[in-house]
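Residues per chain, in single letters:
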Amino acid sequence: MADNTLGQGNNESNASGVGSSDTVTSDPGRHRRDKHVQRRRVLIGGATTAVVAGLAAAGLASAGTLDGSGESSAESGSTTVSDAAETTTDATSGVCTLNAEVTEGPYSLSGALVREDIREDKEGVEVQYTFTVVDQDNDCAPLSGALVELWHCDSLGEYSGFVGGNGHTEEDNGTFLRGGQLTGTDGTVSITSIWPGHYVSRAVHVHMRVHTDVTLTDDSYTGGEVIHTGQLFFDADINAEVQAISPYSDNTTAETALADDSIYDDGGASSGLLTLTALGSSVSDGYTATLTVGVSTS
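### Some points on the overall build of the protein chain
Looking only at helices and strands, the protein chain features three helices and 13 strands. With 298 residues in all, the protein chain has 55% of them scored as buried. For the protein chain, contacts bridging at least 24 residues in sequence account for 75% of all contacts bridging at least 6.

Next comes the structure, spelled out in structure tokens:
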């Protein structure tokens, strides 16, 4: 694992990320990468949850609808008319909606564990993530062998490796709620975790990186290239129910609403909003969460 010393404050807007050379813009889009240093632009489309095997096709169908907002700012993450025209493919391969990447934030670490379940001993509402990674440069075909990495805070808003940064004291092993898995030949990957807690200045979210050409070790990886850095978000109404139950209710810090978040721009799946399906009749039973993530490998 990388050096775990926290050189920033507890507000993600104070930094562009540990070990990151990316520049972030000033308010209101301060977490988004500056358009002059943006390395990748990606499609993030919605996906259905009914049949995992059909995620790729379902995600492309969902991504085929532009939001029509007309915003032209690269920092806003909205699709411009010219962008849409440049990346529209034929009817058989769908339409790729470009979306600005965002900073990895101040709580990133290198060398994540490669594993399917990243919970360790952390309690919370179970979330079963399934992502389908597609390659925009190959007619949005499934991308196999890509490492999808997630990290997020626990129910009290603390990140492993940086415990205390959001006002709570607990054991810190530097690895909880961090890890990733390789996509299969169909471009899909599954990771199990918990619903994140909250902390001051940000809505509830999960961080994501997609790597290519990594070399696996016994329990981690080396090398490779990061081709996507993004964040994932949750339905506001369901999140309110989750945050109201234990252990989330033990967190008394202020929570930022999704509508007030500095990164999420109300773009739905194109801005990282997950498709959620309940695993049972109660919030505590957990959820599945799906998303199609399109990347540029060129």
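### A look at the nonpolar core
Ranked by internal contacts, the top residues of the largest apolar core, which has 35 residues, are Tyr129, Phe131, Leu150, Trp195 and Leu274. Leaving out residues up to four positions away in the same chain, Tyr129 has contacts with Leu150, Val189, Ser190, Ile191, Ser193, Ile194, Val206, Phe234, Leu274 and Ala289. Counting residues in hydrophobic clusters, the runner-up holds seven residues, among them Tyr107, Cys153, Tyr159 and Phe162.

### Some thoughts on the pairing of strand S8 (residues 205-212)
Of all eight residues in S8, eight are buried, a share of seventy percent or more. Alternating positions in S8 separate into two faces, His205, His207, Arg209 and His211 on one and Val206, Met208, Val210 and Thr212 on the other, with burial throughout. In the sheet, strand S5 (residues 147-151) pairs with S8 via five bridges, with the strands oriented antiparallel. Counterpart to Leu150 in the pairing with S8 is Met208.

### What about unusual backbone geometry?
The bulk of non-glycine residues show a negative phi, and the bulk of peptide bonds are trans. With an omega of 5 degrees, the peptide bond between Ser246 and Pro247 qualifies as cis. Locating Pro247 in the fold gives a position in the loop between helix H3 (236-243) and strand S12 (275-278). Even without a glycine there, the phi angle at Glu120 is positive, about 55 degrees. Considering the arrangement of structural elements, one finds Glu120 in the loop between strand S2 (99-100) and strand S3 (126-135). Look at Asp266: it is not a glycine, yet its phi comes out positive at around 65 degrees.

### Structural notes on the sheet that holds strand S11 (residues 225-233)
Sheets are built from strands paired through backbone hydrogen bonds, the pairs being either parallel or antiparallel. On the basis of which strands lie adjacent, the open sheet formed by four strands has the order S6-S5-S8-S11 and antiparallel pairing. Only two strands of the sheet have a single partner each, and these edge strands are strand S6 (178-182) and S11. Taking each pair of neighbouring strands and ignoring which way they run, the sheet shows an average axis angle of 20 degrees.

### Quick notes on the pattern of salt bridges
This model, assessed by the stated rule, comprises eight salt bridges. The partner of Arg119 in a salt bridge is Glu126, and the shortest N-O contact between them spans 3.4 Å. With a relative accessible area of 23%, Arg119 lands in the partly exposed category. Using a relative accessible area of 24% as the deciding quantity, one classes Glu126 as partly exposed. Between Arg209 and Glu149 there is a salt bridge whose closest N-O contact spans 3.0 Å.

### Remarks on the confidence of the model for the protein chain
Looking at the protein chain, pLDDT values average 75 and 66% of them are 70 or higher. Low confidence marks residues 1-11, where pLDDT is under 50. Its contacts with residues over four positions away, or in another chain, come to 30 contacts. In the model, residues 13-96 has pLDDT below 50 throughout and makes 175 contacts with residues more than four positions away in sequence or in other chains.

### Quick look at a negative patch on the surface
Together, Asp121, Glu123, Glu171 and Asp172 line one region of the surface with negative charge. In this fold, Glu123 is placed in the loop between S2 and S3. The exposed category is assigned to Glu123, whose relative accessible area is 60%.

### A short note on the packing of aromatic side chains
Two aromatic rings, taken as a pair, are described by how far apart their centres are and by the angle between their planes. Applying the stated criterion across every chain, the model contains eight aromatic pairs. The aromatic ring of Phe176 is capped on one face by Lys122, whose charged end is 4.2 Å from the ring centroid.

### A closer look at H3
Along H3, the residues classified as buried are Ile238, Asn239, Val242 and Gln243. Looking straight down H3, one finds its buried side chains confined to an arc of 135 degrees; they lie on one side. Of the surrounding elements, those touching the buried residues of H3 are S12 and strand S13 (287-295).

### Here's the deal with the side chain of Ser193
Take Ser193: it is sitting in strand S7 (residues 188-194). With a relative accessible area of 0%, Ser193 lands in the buried category. With near-sequence residues (within four places) excluded, Ser193 lies in contact with Ile118, Arg119, Val125, Glu126, Val127, Tyr129, His152 and Leu177.

The rules behind each value
Residues numbered from 1 in each chain as written. Predicted model: local features only at pLDDT ≥ 70, side-chain atom pairs only at ≥ 80, totals over all residues. Heavy atoms only, no water. Helix = DSSP H or I, 4+ residues; strand = E, 2+ residues; numbered from the N terminus. Buried < 20%, exposed > 50% of the residue type's maximum accessible area, 1.4 Å probe, protein only. Contact = heavy atoms within 4.5 Å. Core = buried A, V, L, I, M, F, W, Y, C linked by side-chain atoms within 4.5 Å. Pairing = 2+ DSSP bridges. Axes fitted to C-alpha atoms, helices over the stretch in contact; angles between N-to-C directions. Salt bridge = Lys/Arg side-chain N within 4 Å of Asp/Glu carboxyl O. pLDDT = per-residue confidence, 0-100. Patch = residues over 30% accessible without salt bridge, like charges linked within 9 Å, V, L, I, M, F, W, Y side chains within 5 Å. Areas by Shrake-Rupley, 256 points an atom, 1.4 Å probe, with all protein chains shown as cover. Lys, Arg positive; Asp, Glu negative; His and termini not counted. Charge placed at Lys NZ, Arg CZ, Asp CG, Glu CD. Phe/Tyr/Trp six-rings, centres within 6.5 Å; stacked < 30°, edge-to-face > 60°. Lys NZ or Arg CZ within 6 Å of the ring centre and 35° of its normal. Arc of directions from axis to C-beta.

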